[in-house]
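Summary of structural features
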Amino acid sequence: MYVQKPLLSAISLKQMFDLTCSNAPLCISKTRKIGMAMASGEQKAPPQTQRLQIYPNTNSGVSPFWRAKYEREAKRYWDVFYKRHKDRFFKDRHYLDKEWGEYFSGGGRKVILEVGCGAGNTIFPVIASYPDAFVFACDFSPRAIGLVKTHEDFKESHVSAFVSDLTADDLCKDILPSSVDIVTMIFMLSAVSPQKMPLVLQNVRKVIKPNGYVLFRDYATGDLAQERFSSKDQKISDNFYVRGDGTRAYYFSNEFLTNLFKENGFDVHKLHVYCKQVENRSRELIMNRRWVQAVFCISDSSNSSSSKEAEANHLDSDNVDKEIKQNNLNGGLNDSAVDLSEGVAVDMFGVLPSSEYEIIEINLRGWNFKISLLSKEYQHTCKSTGLMLWESARLMASVLAENPDIVAGKRVLELGCGSGGICSMIAARYADLVVATDGDGFALDLLAQNVASNIEPSLLTKLTTKRLEWGNKDHIESIKEVVSNRGFDVIVGTDVTYIPEAILPLFATAKELIAPSGSNGDDNVPALILCHIFRRVDEPTLLSAAGHFGFRLVDKWPTETSTNLSQSIIGNWFVDNGLKDDLPSTALNILLFCKE
């Protein structure tokens, strides 16, 4: 799994030890999965606390690798989009006649080019209002064109739909030069890289008549979705962002849009910025949506004076502000005219919609789960690793299912369990008490749903979900209260060791929450079990950090040498049950620690 948010340059373990051992508590912050963490200890803090952050405060945006991938595979991302949503995502644009009727009517039969036609949400309302019109419709998504051609109102006598990438393909291969009266660009240009937008306009200019018009509507800077993108690492370049599904969106300023069209042979005929408040009553949210609506014409001497007048009227910032204010006071356009194609609810409401989740069935050693997780197509831009199910969790859950004595009758804590929680759910059947924790609020919400839908009601009283950011003293104290400060007999963590700067807070937290040896009055020794694939933290570094907090390695699997499994504690977990033949990954490791 590629973690897009870049880390600060790694620091040495010795430097982290020095920070931890100094009077300054170690504060490590990570968005969602780890949260803020500090080394344990009741040490007096100096006036200025040293802070070490796993992620930088400023968002560094999309990495060069992913920028290139989004550009290279733009067609595929939109094809997947239309495969998933078909024609159900965008509203039919019935407002076109009201907004631009003067351009569609009069002067005989109109020839229209719909650029980026999608599933036909512009085409078919236009034909319904103007049955004499002929529409050329192009999109670079073959699946979108397929949806247009299978639409119940599609007729070849009225519509010619074809696949075309306007940044690379010549429109004149499908349309005669200077033959189009109207070009519609409705939330299309924003999906194109700003560097390639001129290619689209130059292509369009070849086929539009000298007296033709481009009708334009798209996102404006300051839109709510852009504000939400700005707080994440989904920025590709200025005003250009990637959504969770890999499609992209640019937010236009008046200046950029006007210069873009002027530099490619167009003048501004009309330009307005609209701001409308959209209410989501179910979530009690008021969302400020902004879009720009414009009309452009080909530059020539006959309309240069009118274009200059239009620019003077619409590019003056005071006039724009007054216009936006008036739109707000008057309620702006009617509701049917609000067609911002930003359907991803995480951008609009700050939550992931159900369409971004998928339910996977997991069959483990007689246990059957139906777990709701983030869909694979959205994982590449998601910051939270807790919304996915990792291979280590599958292995550890299988181990617990085959060896219930590991947790039987004990108090069990799972660190960084994410939204799946399959280890905790299996442990709940045999343990006295299980506390499943994570630092990500989204993951915990989804975890609660998965727990409620997968285990019998009698076990719900034994399984508690709690938020725990490693090193957060308030969180640690809250969890201690669950077990009346007795600590936990078994602490489990699956794939929680992949970030170097989080290793010390991990062991510091485990030290605070593990039960003291002999607290149960029996021979059972409290244990910390970590299952993972070694990534950015190698085993020597991990063992050194563990020893710093008083944890001693008791056993590990697999071992470097071939030995009798029965002579190993962990090895016994794999005897006569076929677990070794059913590993989700051969790179998995298990480490067993106890307190010195």
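Residues numbered from 1 in each chain as written. Predicted model: local features only at pLDDT ≥ 70, side-chain atom pairs only at ≥ 80, totals over all residues. Heavy atoms only, no water.

Examining the sheet that holds strand β8 (residues 235-237)
Definition in use: Two strands are said to pair when DSSP picks up at least two bridges between them. By definition, any uninterrupted DSSP run of H or I lasting at least four residues is a helix, any uninterrupted run of E lasting at least two residues is a strand, and each is numbered from the N terminus. To get an axis, fit a line to the C-alpha atoms, keeping to the stretch in contact for a helix; angles then go from 0 to 180 degrees between the N-to-C directions.
Sheet architecture is open: 3 strands sit in the order β8-β9-β10, paired in antiparallel fashion. In the strand order of this sheet, the two ends are held by β8 and β10 (248-250), each with one partner. Between one strand and the next, the sheet's axes are offset by a mean angle of 30°, whatever the strand orientation. Sheet topology note: the β8/strand β9 (residues 240-242) ladder contains 2 bridges and is antiparallel. Within β9, the residue paired with K235 across the bridge is Y241.

Thoughts on the side chain of K556
The cut-off we apply is this: The classification of residues rests on relative accessible area computed with a 1.4 Å probe and restricted to protein chains. Under 20% of the type maximum is buried, over 50% is exposed, and intermediate values are partly exposed. In the analysis that follows, any N or O atom pair within 3.5 Å is treated as a polar contact, provided that within protein one partner can donate a hydrogen and the other can accept it, and provided that, for residues neighboring in sequence, both atoms belong to side chains. In this analysis, two residues are considered to be in contact whenever any of their non-hydrogen atoms come within 4.5 Å of each other.
Relative to the helices and strands, K556 is located in strand β20 (residues 551-557). For K556, a relative accessible area of 16% corresponds to the buried category. A polar side-chain atom of K556 sits 2.8 Å from a polar atom in the side chain of E539. Non-local contacts of K556, meaning those with residues more than four positions away in its chain, are made with E539, I570, I590 and L591.

A short note on the pairing of strand β4 (residues 134-139)
The line we're drawing: Looking down the strands as they point away from you, a crossover is right-handed if its path from the first strand over the helix to the second goes clockwise.
With 6 of 6 residues buried, β4 lies mostly within the body of the structure. Alternating residues of β4 divide into F134, F136 and C138 and V135, A137 and D139, and every residue in both groups is buried. Sheet analysis places strand β3 (residues 111-115) next to β4, joined by 5 bridges and oriented parallel. Directly across from I112, in β4, lies its bridge partner V135. Strand direction decides the pairing type here: β4 and strand β5 (residues 159-163), joined by 5 bridges, are parallel. Within the sheet, the bridge partner assigned to C138 lies in β5 and is F162. With helix α6 (residues 142-149) bridging β4 and the parallel β5, this β-α-β connection has right-handed handedness.

Concerning α6
Selection criterion: The directions from the helix axis to the C-beta atoms are what the arc is built from.
Along α6, the residues classified as buried are A144, I145, L147 and V148. When α6 is viewed along its axis, its buried side chains cluster within an angular range of 155° and face the same direction. Its buried side turned inward, α6 meets α3 (74-85), α5 (123-129), β4 and β5.

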